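Observations on chain architecture
Letter by letter, the chains look like this.
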Amino acid sequence: MAGLRACAAALRASWTLSFTPTCSHLQRLQYSRALGGGIGKKGKGKIGPTIEKVHLPVETDPVKLVTYVCGSHPVKENREDVKIKDDSEYPDWLWTLRTGKPPPLEELDPNTKAYWKRLRHMAMKEKNLHMKLRKF
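Residues numbered from 1 in each chain as written. Predicted model: local features only at pLDDT ≥ 70, side-chain atom pairs only at ≥ 80, totals over all residues. Heavy atoms only, no water.

1. Some remarks on the overall build of the protein
What the protein contains, in helices and strands, is 4 helices and 2 strands. Scanning the protein from its N terminus toward the C terminus, one meets helices and strands in the order α-α-α-β-β-α. The proportion of buried residues among the 136 residues of the protein is 5%. In the protein, 0% of the contacts between residues at least 6 apart in sequence involve partners at least 24 apart. Carbon and sulfur atoms make up 59% of the accessible area of the protein, which totals about 13700 Å². (Helix = DSSP H or I, 4+ residues; strand = E, 2+ residues; numbered from the N terminus. Buried < 20%, exposed > 50% of the residue type's maximum accessible area, 1.4 Å probe, protein only. Contact = heavy atoms within 4.5 Å. Areas by Shrake-Rupley, 256 points an atom, 1.4 Å probe, with all protein chains shown as cover.)

Structure representation (C-alpha coordinates):
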(Lines give C-alpha, C1' and ligand atoms only; values in the text may rest on other atoms or scores of the structure.)
Protein backbone atom coordinates (compact mmCIF):
# COMPACT_ATOMS: atom_id res chain seq x y z
CA MET A 1 0.00 0.00 0.00
CA ALA A 2 2.86 2.36 0.87
CA GLY A 3 4.50 1.63 -2.47
CA LEU A 4 1.28 2.48 -4.29
CA ARG A 5 1.06 5.83 -2.50
CA ALA A 6 4.69 6.63 -3.30
CA CYS A 7 4.11 5.74 -6.95
CA ALA A 8 0.98 7.93 -7.11
CA ALA A 9 2.84 10.82 -5.47
CA ALA A 10 5.74 10.49 -7.94
CA LEU A 11 3.28 10.38 -10.84
CA ARG A 12 1.49 13.52 -9.57
CA ALA A 13 4.81 15.34 -9.14
CA SER A 14 5.99 14.47 -12.65
CA TRP A 15 2.58 15.43 -14.13
CA THR A 16 2.58 18.86 -12.46
CA LEU A 17 6.09 19.59 -13.74
CA SER A 18 5.21 18.74 -17.35
CA PHE A 19 1.71 20.29 -17.30
CA THR A 20 1.42 23.78 -18.81
CA PRO A 21 -1.85 25.33 -17.58
CA THR A 22 -4.12 27.28 -19.90
CA CYS A 23 -5.85 30.57 -19.08
CA SER A 24 -9.13 28.91 -18.19
CA HIS A 25 -7.32 26.42 -15.96
CA LEU A 26 -5.52 29.26 -14.17
CA GLN A 27 -8.82 31.00 -13.57
CA ARG A 28 -10.32 27.83 -12.14
CA LEU A 29 -7.33 27.46 -9.84
CA GLN A 30 -7.68 31.16 -8.90
CA TYR A 31 -4.07 32.02 -9.69
CA SER A 32 -5.51 34.83 -11.74
CA ARG A 33 -7.98 36.98 -9.81
CA ALA A 34 -9.94 40.08 -10.74
CA LEU A 35 -8.14 43.37 -10.28
CA GLY A 36 -8.56 44.87 -6.86
CA GLY A 37 -9.65 41.63 -5.24
CA GLY A 38 -9.38 42.55 -1.59
CA ILE A 39 -9.17 46.31 -1.96
CA GLY A 40 -12.18 48.22 -0.70
CA LYS A 41 -15.63 46.76 -0.15
CA LYS A 42 -16.27 43.17 -1.18
CA GLY A 43 -19.25 41.73 -2.93
CA LYS A 44 -19.78 44.54 -5.43
CA GLY A 45 -18.65 42.49 -8.42
CA LYS A 46 -16.62 45.33 -9.94
CA ILE A 47 -13.30 44.95 -11.64
CA GLY A 48 -10.56 47.24 -10.41
CA PRO A 49 -9.85 48.98 -7.16
CA THR A 50 -12.60 50.93 -5.51
CA ILE A 51 -12.03 54.67 -5.31
CA GLU A 52 -13.53 56.89 -2.67
CA LYS A 53 -15.80 59.59 -4.07
CA VAL A 54 -14.52 63.12 -3.65
CA HIS A 55 -17.17 65.41 -2.23
CA LEU A 56 -16.58 68.93 -3.49
CA PRO A 57 -17.75 71.84 -1.37
CA VAL A 58 -20.97 73.41 -2.64
CA GLU A 59 -21.76 77.07 -2.09
CA THR A 60 -25.10 77.48 -0.28
CA ASP A 61 -25.05 81.22 0.48
CA PRO A 62 -27.83 82.71 -1.75
CA VAL A 63 -26.32 86.21 -1.76
CA LYS A 64 -22.96 84.91 -3.01
CA LEU A 65 -24.66 82.69 -5.61
CA VAL A 66 -26.50 85.70 -7.06
CA THR A 67 -23.57 88.15 -7.07
CA TYR A 68 -20.58 85.92 -8.00
CA VAL A 69 -19.76 83.19 -10.53
CA CYS A 70 -18.89 80.49 -7.98
CA GLY A 71 -16.03 78.18 -8.93
CA SER A 72 -14.78 80.38 -11.77
CA HIS A 73 -11.24 80.77 -10.41
CA PRO A 74 -9.07 77.66 -10.92
CA VAL A 75 -6.51 78.48 -8.21
CA LYS A 76 -7.18 76.61 -4.98
CA GLU A 77 -5.46 79.03 -2.61
CA ASN A 78 -6.50 82.68 -2.23
CA ARG A 79 -9.16 82.29 -4.87
CA GLU A 80 -11.54 85.08 -5.62
CA ASP A 81 -14.62 84.41 -7.75
CA VAL A 82 -15.64 86.71 -10.62
CA LYS A 83 -18.31 89.24 -9.69
CA ILE A 84 -21.38 89.39 -11.94
CA LYS A 85 -21.78 92.83 -13.60
CA ASP A 86 -24.84 94.67 -14.86
CA ASP A 87 -26.26 93.61 -18.24
CA SER A 88 -25.28 96.96 -19.77
CA GLU A 89 -21.57 96.22 -19.16
CA TYR A 90 -21.59 93.12 -21.38
CA PRO A 91 -21.38 93.28 -25.23
CA ASP A 92 -24.61 93.23 -27.26
CA TRP A 93 -23.70 90.10 -29.21
CA LEU A 94 -23.73 88.09 -25.97
CA TRP A 95 -27.51 88.40 -25.71
CA THR A 96 -28.08 87.19 -29.31
CA LEU A 97 -26.27 83.86 -28.87
CA ARG A 98 -28.44 80.79 -29.41
CA THR A 99 -28.42 78.71 -26.22
CA GLY A 100 -31.17 76.23 -27.09
CA LYS A 101 -31.46 73.61 -29.79
CA PRO A 102 -29.80 74.23 -33.17
CA PRO A 103 -32.09 75.71 -35.85
CA PRO A 104 -34.03 73.24 -38.02
CA LEU A 105 -32.76 72.47 -41.51
CA GLU A 106 -35.48 74.61 -43.10
CA GLU A 107 -34.13 77.76 -41.38
CA LEU A 108 -30.58 77.25 -42.67
CA ASP A 109 -29.39 78.74 -45.96
CA PRO A 110 -28.56 76.03 -48.56
CA ASN A 111 -25.50 78.04 -49.64
CA THR A 112 -23.72 77.58 -46.30
CA LYS A 113 -21.40 74.86 -45.06
CA ALA A 114 -23.51 74.37 -41.91
CA TYR A 115 -26.54 73.41 -44.04
CA TRP A 116 -24.68 70.70 -45.92
CA LYS A 117 -22.96 69.44 -42.80
CA ARG A 118 -26.33 69.08 -41.03
CA LEU A 119 -27.86 67.40 -44.10
CA ARG A 120 -24.99 64.89 -44.23
CA HIS A 121 -25.33 64.21 -40.51
CA MET A 122 -29.07 63.59 -40.83
CA ALA A 123 -28.52 61.25 -43.82
CA MET A 124 -25.92 59.24 -41.88
CA LYS A 125 -28.26 58.90 -38.90
CA GLU A 126 -31.06 57.66 -41.13
CA LYS A 127 -28.74 55.21 -42.93
CA ASN A 128 -27.47 53.84 -39.59
CA LEU A 129 -31.04 53.37 -38.41
CA HIS A 130 -31.91 51.42 -41.56
CA MET A 131 -28.77 49.30 -41.24
CA LYS A 132 -29.63 48.52 -37.61
CA LEU A 133 -33.16 47.42 -38.51
CA ARG A 134 -32.08 45.39 -41.54
CA LYS A 135 -32.54 41.63 -41.25
CA PHE A 136 -29.61 39.39 -42.10
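2. Some remarks on the packing of aromatic side chains
Where two aromatic rings form a pair, the distance of their centres and the angle of their planes describe that pair. Tallied over the entire structure, the rule returns 2 aromatic pairs. Relative to Trp95, the ring of Tyr90 has its centre 6.2 Å away and its plane inclined at 85°; by these criteria the two rings are edge-to-face. Residue Tyr90 is classed as partly exposed on the basis of its relative accessible area of 27%. Ring geometry for Tyr115 and Trp116: centres 5.1 Å apart, planes at 90°, overall edge-to-face. (Phe/Tyr/Trp six-rings, centres within 6.5 Å; stacked < 30°, edge-to-face > 60°.)

3. What about the side chain of Asp81?
Positionally, Asp81 belongs in the loop between strand 1 (68-69) and strand 2 (82-83). On the basis of relative accessible area, Asp81 is assigned to the buried category, the value being 10%. If we ignore the near neighbours within four places in the chain, the residues touching Asp81 are Lys64, Tyr68, Val69, Cys70, Gly71, Ser72 and His73.

4. As for helix 4 (residues 113-133)
For helix 4, with 21 residues, the first-to-last C-alpha span of 31 Å sits near the 30 Å given by 1.5 Å per residue. Residue Thr112 occupies the N-cap position of helix 4, its side-chain oxygen lying 3.4 Å from the main-chain nitrogen of Tyr115. (Expected span 1.5 Å × (residues − 1). Polar contact = N/O pair within 3.5 Å; in protein donor to acceptor, adjacent residues only side chain to side chain.)

5. Examining the pattern of salt bridges
Counting across every chain of the model gives 2 salt bridges. With a shortest N-O distance of 3.9 Å, Glu59 and Lys64 are connected by a salt bridge. With a closest N to O distance of 4.0 Å, Glu107 and Arg98 form a salt bridge. For the pair formed by Glu107 and Arg98, the shared burial category is exposed. (Salt bridge = Lys/Arg side-chain N within 4 Å of Asp/Glu carboxyl O.)

6. Here's the deal with the confidence of the model for the protein
Confidence along the protein averages 77 in pLDDT terms, with 64% of residues attaining 70 or more. By mean pLDDT, helix 2 (residues 23-29) is the weakest element of the protein at 56, and helix 4 is the strongest at 94. (pLDDT = per-residue confidence, 0-100.)

7. Things to note about a nonpolar patch on the surface
Together, Trp93, Leu94, Trp95 and Leu97 make up an exposed nonpolar region whose accessible area comes to about 460 Å². Within the element layout of this structure, Trp95 appears in the loop between strand 2 and helix 4. (Patch = residues over 30% accessible without salt bridge, like charges linked within 9 Å, V, L, I, M, F, W, Y side chains within 5 Å.)

8. As for the environment of Val69
Structurally, Val69 is set in strand 1. Taking the C-alpha atoms as reference points, Val69 and Asp81, separated by 12 residues in sequence, lie 6.0 Å from one another. Other than its neighbours up to four places away in sequence, Val69 contacts Asp81, Val82 and Ile84.

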